[in-house]
Structures are given as C-alpha cells and as structure tokens.
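Listed below are the residues making up each chain.
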Amino acid sequence: LIYKDREIHFQDIEKIDSRNLNEINNGDVVALIGDYDPVSISYLIKLIDLKAIIVPLTNATIKQHSFFLEQACVDFVVENGTLSKRTHNNHNDKIEKLRKLNHAGLIAFSSGTTSTPKAILHDLSLFLKKFSVPKKSLNTINFLLFDHIGGLNTLFYSLFNKGTSIIPVARTVESVIDACTKHQVELLPTTPTFLR
C-alpha cells in the first residue's frame, strides 16, 4: 500500500490494534467510516474474518449517514478506530438469511442520483471467491471511494494478487497523474467523468 507517499506492508496493517472489535459477533452489521488508510483497511479485513456484515461509508456522505445506518440495520459504528454500539428495532430477512449462512457480508448503497439510495446486500464470502484464482500483480490506484463496490473490488484485487494499491493524495487530475508517474501505475479504475 502506498499511502501519503509512504510504503505500508501487509504486516504493518496486521499489527494495527483492533481489540475494540472484540464486542462484535458473527453477523453483526458494522458501519465502517473511513477511506483507504491503513486503519480502515485493517478493520475491514478483521471484520471480514469476524464474518460481520460491513457497511463501508465515507465522510463525503456524512449528511446521509443516519439514513444509511437505519436502512442497513447497523448494530455498531467504527470511526477513527472508535467503536460505538447502536440500538435499533430494525429487522431485515435478507440479513437474517446471510447470518444463518455464517458468511461475511457487505452492504453498499446505490448512488441515489435518480431516487433515494438503495441498500444492496452482498454475500462477501462468495464475492471474495473470485479472487481465489491468482491473476496479474499490478500497481493500481484506488481512486473509487471506500463506499464504492468498484473501489473495494480494486483493493481486494491488489491484496489477493500481491499487487500495490496506491492511494492518491487527492482525487484530482494533478494528484492522480503525479501518483501514476511516481509509482509506475499500471491500472486506474475510475469513472467516465474523471476521464473526461
């Protein structure tokens, strides 16, 4: 991982203290507010190991967080390494079905450009199976946000294929071009808007 132009290795991410996740049980729905920083990535991996159902969020959508937490039936919120418990009476049959399978889960939200954002539940255990066959190791920019399924797909591709994820200092044209040059980037998954 290249974060703030610093190399961070998997063992560094593994060493990040996450004892506060001890309260979380299999099937708990956990909102993880972050980005592709070492702490967020470490927590993401550890929550997958705990077979939690993860709701990745970013500060860019902070005004919608209350709505997202309600819609996703969130039990815990992790932000800046701090865990807080939520109480709610929400119930969702699809979440219950995933819990019974004892699989990790991922809840992502649609963009909401045409209507209210919709929660989409993924079986993360099945989602990650596609990475079991090794592919080419690449230097990749993680441009898409932490709450975007494409961004997480890029991160997992890099991790599973021993590639390098480069986190741009900013998601501007200048910063991305600088990162591409400096780190010999081979893959830039991005949006048509950014390419224009």
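Preceding this section is the structure that the text describes.
Residues numbered from 1 in each chain as written. Predicted model: local features only at pLDDT ≥ 70, side-chain atom pairs only at ≥ 80, totals over all residues. Heavy atoms only, no water.

1. A closer look at the packing of aromatic side chains
Inference 1: Under the defined criterion, the tally for this structure stands at eight aromatic pairs.
Inference 2: Taken together, a centroid distance of 6.4 Å and an interplanar angle of 70 degrees make the contact between Phe127 and Phe156 edge-to-face. Of the two residues, Phe127 sits in helix α5 (residues 124-129) while Phe156 sits in helix α6 (residues 149-160), which places them 29 residues apart along the sequence.
Inference 3: A ring pair is formed by Phe131 and Phe160, whose centres lie 5.3 Å apart and whose planes are at 20 degrees; its orientation type is stacked. Pair noted here: Phe131 is in the loop between α5 and β9 (139-141) and Phe160 is in helix α6, with a separation of 29 residues, a long-range link.
Inference 4: Phe131 gets classed as buried once you look at its relative accessible area, which sits at 6%. (Phe/Tyr/Trp six-rings, centres within 6.5 Å; stacked < 30°, edge-to-face > 60°. Helix = DSSP H or I, 4+ residues; strand = E, 2+ residues; numbered from the N terminus. Buried < 20%, exposed > 50% of the residue type's maximum accessible area, 1.4 Å probe, protein only.)

2. Quick word on the pattern of salt bridges
Inference 1: As enumerated under the stated definition, the model contains seven salt bridges in all.
Inference 2: Between Asp5 and Lys182 there is a salt bridge, with its nearest N and O atoms 3.2 Å apart. A residue pair is termed long-range when its members are at least 10 positions apart, and Asp5 in the loop between β1 (2-3) and β2 (6-7) and Lys182 in helix α7 (residues 173-182) qualify at 177 residues.
Inference 3: The partly exposed category is assigned to Asp5, whose relative accessible area is 43%. (Salt bridge = Lys/Arg side-chain N within 4 Å of Asp/Glu carboxyl O.)

3. Quick notes on the sheet that holds strand β5 (residues 76-79)
Inference 1: Taken together, six strands build an open sheet; the order of strands is β6-β5-β3-β4-β7-β8 and the sheet is mixed. Unpaired on one side and paired on the other, β6 (82-85) and β8 (119-123) mark the two borders of the sheet. Across the sheet, the mean angle separating the axes of adjacent strands is 25 degrees when strand polarity is ignored.
Inference 2: Inspection of the sheet shows strand β7 (residues 105-109) paired to β8 by five bridges, in the antiparallel sense. When the sheet's bridge partners are listed, Ala108 is paired in β8 with Ile120. (Pairing = 2+ DSSP bridges. Axes fitted to C-alpha atoms, helices over the stretch in contact; angles between N-to-C directions.)

So far we have only geometry, and geometry alone does not tell us how the molecule works.
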